[in-house]
Amino acid sequence: MGSNRTSAYRFGLLGHEIQSSLSPVLHQAAGQSCGLGISYDLIDVSLDQLPDVLADLKRCRWHGINITAPYKYWAYRHVSHYDEYAAKLKSVNTIIVSDDGRLKGANTDWFGISESFADLDKHDVVLLGSGRMAESCLSWLLDNRKGTVTVVNRRPSRFAELKRRQPERIKSLNFFEFGESLSQHTTIINCLPKSCYDMLGRFSWENAPRDLNIYDLNYGQQTTDFLQKIDGPDRRVHDGVNALIGQGIESFRHWTGLQPNRDRIVYAVKNAAIYAR
């Protein structure tokens, strides 16, 4: 970025129903650790408002934005070029705006996933969902872990699309089959939105293995409540705060070229997460 963008930055998060996001806390902490002035907007819009957001991006209203569901594929389609992860996944969660309004797309979810799954030591994994975040998780698992990945979703056509990555390692279950076989799954990753918690809560989690290990890529009070119902003495539950931090730090680096102080960010985000409960 040009030299006129080193003292005060304006960033934002594009999505829908995002008012509880911790991204503003994360990026304020990142900016403070680097001595930068930061503003971070929550761009909470409906689908028909996206053309206005695109026009504002090209007018350099923001130096860069994050994108969350359900607009990651939209972002992928509207940038002029993208990094290797965005190209591989056809999903953009970070846009970098150049001084002349050109838009570069990046996918930093990969870094958040890597951080979140650092202690994932099981080979066979069950993945709930088939959206853009689930596809990012699937790609990371195929590249970094051995064993099979069983995708639980409702759409056979979407599963067929995902299965093409490595047909011999990817299996499928519908949600009924998942519920019936819950006792067989020791490692589960939830990429479904919070709106699916009522459905997930109807499964007999008491039948899941005693040493169940579950990762939920969401965070917040609803996620905490859901995971507490599943937790047990020998079980391990993880929310999505570490994934948020990992991808957020990488986005900040894309925008500013600077490496923020990770400890300060972790302290700020995790304290805000506790307070929000």
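Residues numbered from 1 in each chain as written. Predicted model: local features only at pLDDT ≥ 70, side-chain atom pairs only at ≥ 80, totals over all residues. Heavy atoms only, no water.

J.: Describe the sheet that holds strand β7 (residues 125–128), with residues and values.
T.: In space, the six strands of this open sheet follow the order β9-β8-β7-β10-β11-β12, with parallel pairing throughout. The open sheet has two edge strands with one neighbour each: β9 (170–173) and β12 (236–238). Put simply, the sheet's adjacent strands are angled 20° from each other on average, direction ignored. Against the sheet, helix α10 (residues 221–230) makes contact with β11 (213–216) and β12, and its axis sits at roughly 170° relative to β11, the strand it touches most. (Pairing = 2+ DSSP bridges. Helix = DSSP H or I, 4+ residues; strand = E, 2+ residues; numbered from the N terminus. Axes fitted to C-alpha atoms, helices over the stretch in contact; angles between N-to-C directions. Contact = heavy atoms within 4.5 Å.)

J.: Residue-level account of the nonpolar core, with values.
T.: Membership of the largest hydrophobic core comes to 24 residues, with the highest contact counts inside it found for F11, I245, I265 and V269. Among the elements that line this core, the one with the most residues is helix α11 (residues 241–256), at six residues. Excluding residues that lie within four positions of it along the chain, V269 makes contacts with L22, V25, L26, V241, L244 and I245. If you look at the next biggest cluster of nonpolar residues, it comprises 23 residues, including I113, V149, V151 and Y215. (Core = buried A, V, L, I, M, F, W, Y, C linked by side-chain atoms within 4.5 Å. Buried < 20%, exposed > 50% of the residue type's maximum accessible area, 1.4 Å probe, protein only.)

J.: Describe the pattern of salt bridges, listing the residues and the values that go with them.
T.: What the rule picks out here adds up to 14 salt bridges. With a shortest N-O distance of 2.5 Å, E115 and R262 are connected by a salt bridge. Of this pair, E115 sits in helix α5 (residues 109–116) while R262 is found in helix α12 (residues 262–276), placing the two residues 147 residues apart along the sequence. Among the salt bridges present, the one from E250 reaches R253, with a minimum N-O distance of 2.9 Å. With E250 and R253 both in helix α11 and three residues apart, this pair spans about one turn of that helix. Since its relative accessible area comes to 35%, R253 is described here as partly exposed. (Salt bridge = Lys/Arg side-chain N within 4 Å of Asp/Glu carboxyl O.)

J.: Describe the packing of aromatic side chains, with residues and values.
T.: Any aromatic ring pair is given by two values, namely how distant the centres are and how the planes are angled relative to each other. Here the structure, examined in full by the defined rule, presents 14 aromatic pairs. Here the aromatic cluster, defined as three or more aromatic residues joined through ring pairs, consists of F178, Y197, F203, W205 and F226. For the cation-ring pair, K194 lies above Y219, with the distance from its terminal atom to the ring centre recorded as 5.8 Å. (Phe/Tyr/Trp six-rings, centres within 6.5 Å; stacked < 30°, edge-to-face > 60°. Lys NZ or Arg CZ within 6 Å of the ring centre and 35° of its normal.)

J.: Provide a residue-level description of the layout of surface pockets, including the pertinent values.
T.: Over the atoms, a rolled probe matching the size of one water molecule traces out where space is still vacant. Put simply, the largest pocket is a space of about 1,500 Å³. Lining the largest pocket we find 46 residues, and of these T68, A69, P193, K194 and N218 sit closest to its centre. Taken together, the elements giving at least two residues each to the lining of the largest pocket come down to β3 (64–67), α3 (72–78), α5, α6 (132–144), α7 (156–163), α10 and α11. Within the lining of the largest pocket, the residues separate by chemical class into 18 nonpolar, 19 polar and nine charged. (1 Å grid on protein atoms, 1.4 Å probe; cavity = no way out; pocket = protein on both sides within 12 Å on 5 of 7 lines; lining within 4 Å. Points joined across faces, edges and corners; volume = space filled by probe spheres on them. Nonpolar A, V, L, I, M, F, W, Y, C, P; charged D, E, K, R; others polar.)

J.: So what's going on with the environment of R154? Residues and values would help.
T.: Topologically, R154 is positioned in the loop between β8 (149–152) and α7. Sequence spacing of R154 and L217 is 63 residues, and the spatial spacing of their C-alpha atoms is 19 Å. When near neighbours in sequence (up to four residues on either side) are disregarded, R154 contacts F175 and M199.

J.: I'd like to hear about the pairing of strand β2 (residues 37–44), residue by residue, with values.
T.: For strand β1 (residues 8–15) and β2, the ladder comprises eight bridges, and the chain directions are parallel. Residue pairing in the sheet places L13 in a bridge with L42 of β2. Crossover handedness for the path β1 to helix α1 (residues 23–33) to β2: right-handed. (Right-handed = clockwise from strand over helix to strand, strands pointing away.)

J.: Any details on the confidence of the model for the protein chain? Residues and values, ideally.
T.: Looking at the protein chain as a whole, its pLDDT mean stands at 93, while 96% of the residues score no less than 70. Scored below 50 in pLDDT, residues 1–6 makes 15 contacts in the model with residues more than four places away or belonging to other chains. (pLDDT = per-residue confidence, 0-100.)

J.: Any chance you could break down the state of the cysteines for me, citing the residues and the numbers?
T.: A full pass over the atoms with the stated rule returns zero disulfides. Summary of cysteine pairing: C137 is not part of a disulfide, and the nearest cysteine sulfur, belonging to C191, is at 3.7 Å. Since its relative accessible area comes to 0%, C137 is described here as buried. (Disulfide = S-S within 2.5 Å.)

J.: Describe the sheet that holds β3, listing the residues and the values that go with them.
T.: Sheets are built from strands paired through backbone hydrogen bonds, the pairs being either parallel or antiparallel. An order of β2-β1-β3-β5-β6-β4 is seen for the six strands of this open sheet, with the pairing classed as mixed. Across the chains shown, the open sheet's two edge strands, defined by having one partner strand only, are β2 and β4 (81–82). Looking at chain direction, β3 and strand β5 (residues 94–97) are connected through three bridges and run antiparallel. Residue G64 lies in a different strand from β5, and its bridge partner there is I96. Relative to β2, α1 is tilted by about 165°, and along the sheet it contacts β1, β2 and β3. Strands β1, β2, β3, β5 and β6 (103–106) of the sheet are contacted by helix α2 (residues 50–58), whose axis makes an angle of about 110° with β6.

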